[in-house]
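Architecture and fold: a report
Next come the chains, spelled out residue by residue.
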Amino acid sequence: PKRAVWVIALPMMAGFFVHALYAIVDAAFIGKLGPEALAASTFIIAFFFAAIAFQNGLTTGITATVAQAVGRQDYEDVDHVASNGLTIALISGISFAIFGLIFGQEIISLLGAEGETAVLAWAYLIPICFSMPLFFISTAFRAVLTGEGDAKTPMIILTISTLSNAALDPIFIFALDMGIQGAAYATFFASIISLIAFVYVSLIR
């Protein structure tokens, strides 16, 4: 049992660390745009990590419930939990997206952003909001796989997604001259890559 805990825990820890690198990688490239752009991104990181915190709660619930069903060898219940988890994830992701698009400007203002910084923060937030459903659905797939005892595959997929984000950042930010919004679009497309990989592994492989 002790070995099994570490076999599951270490890939999960690495996966969460890699997930957090999304924001760090974006900040590294955005910093090259100047202090105003970097300041703008910090206002959105708070929203981003609030979503991650909510995702972690969802992940814990799905993983535990799936693991219990697998332990009972009740694979019909595994499918039931997985489908419910994906539904909740989709609804949660859409809710975060709508909330951000409706109240984002007010929240940015309440956090203290002004002038050009507020404009840049809003430009950065819009694509991030559209990424929310992708993030949440990927999280649900990751939780199901972990609950089934496969924590390694989600870690690999998250690593690939983060590397894709790092590769796309300079293309969107500098090559396509999209500025701070380019970093958010890089995250959006990296999220698509992650979701496609999870769908392939979970539903096809």
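Counting starts from 1 at the beginning of each chain's written sequence and moves along it residue by residue. Since the coordinates come from a predicted model, pLDDT governs what is reported: local features require at least 70, and pairs of side-chain atoms require 80 or more to be given and counted, while whole-chain, interface and lining totals use all residues. Side-chain numbers come from the whole structure's heavy atoms, not from hydrogens or water.

1. Some remarks on the environment of Gly93
A run of H or I in DSSP counts as a helix once it spans at least four residues, and a run of E counts as a strand once it spans at least two, with each numbered from the N terminus. For Gly93, the location among the structural elements is in helix H3 (residues 75–110). Exposure categories follow from relative accessible area, calculated using a 1.4 Å probe and restricted to protein chains: below 20% of the type maximum is buried, above 50% is exposed, and the middle band is partly exposed. For Gly93, a relative accessible area of 0% gives the class buried. The sequence separation of Gly93 and Glu106 amounts to 13 residues, and the corresponding C-alpha distance is 20 Å. Any pair of residues with heavy atoms lying within 4.5 Å of one another is described as a contacting pair. Residues within four places of Gly93 in sequence aside, it is in contact with Met132, Pro133 and Phe136.

2. Digging into helix H6 (residues 180–204)
By definition here, a helix of n residues has an expected span of 1.5 Å times n minus one. For H6, built from 25 residues, the straight-helix expectation of 36 Å at 1.5 Å per residue is met to within 8% by its first-to-last C-alpha distance of 36 Å. Turning to H6, its buried residues are Ile180, Gly182, Ala183, Ala184, Ala186, Thr187, Ala190, Ser191, Ser194, Leu195, Phe198 and Val201.

3. Concerning the packing of H3 against helix H4 (residues 115–147)
Packed helices, taken two at a time, are described by the angle their axes make and the gap between the axes. Following both chains from N to C, one finds H3 and H4 inclined at 170 degrees, their axes separated by 8 Å at the closest point. As the angle between them shows, H3 and H4 are arranged roughly antiparallel. Three classes are used, and their members are as follows: Ala, Val, Leu, Ile, Met, Phe, Trp, Tyr, Cys and Pro are nonpolar, Asp, Glu, Lys and Arg are charged, and the others, Gly among them, are polar. Taken together, the residues of the contact of H3 with H4 break down into 23 nonpolar, six polar and no charged. Note on definitions: angles span 0 to 180 degrees between N-to-C directions of axes, and those axes are lines fitted to C-alpha atoms, for helices only across the stretch in contact. Here the word oblique covers every angle except those under 35 degrees (roughly parallel), over 145 (roughly antiparallel) and from 65 to 115 (roughly perpendicular).

4. A look at the environment of Met178
For Met178, the location among the structural elements is in the loop between helix H5 (152–175) and H6. Overall, the relative accessible area of 29% leaves Met178 in the partly exposed class. A C-alpha to C-alpha distance of 30 Å links Met178 and Met155, two positions 23 residues apart in sequence. Those residues in contact with Met178 that lie beyond four places of it in its chain are Phe172, Ile173 and Tyr185.

5. Some thoughts on the confidence of the model for the protein
Scored between 0 and 100, pLDDT is the confidence that the predictor attaches to each residue. Put simply, the protein has an average pLDDT of 90, and 98% of its residues get 70 or more. Confidence scores differ between elements of the protein, with helix H1 (residues 2–30) showing the lowest mean pLDDT of 77 and H3 the highest of 95.

6. What about unusual backbone geometry?
Phi angles above zero are rare outside glycine, and Gln73 is one such case at about 60 degrees. Examined against the element boundaries, Gln73 turns out to sit in the loop between helix H2 (35–71) and H3. Its identity as a non-glycine residue notwithstanding, Asp177 has a phi of 55 degrees, on the positive side. Secondary-structure assignment places Asp177 in the loop between H5 and H6.

7. What to know about the pattern of salt bridges
Think of a salt bridge as a Lys or Arg side-chain nitrogen and an Asp or Glu carboxyl oxygen that are within 4 Å of each other. The final tally for this structure, using the stated rule, is one salt bridge. The salt bridge partner of Arg72 is Asp77, with a shortest N-O separation of 2.7 Å.

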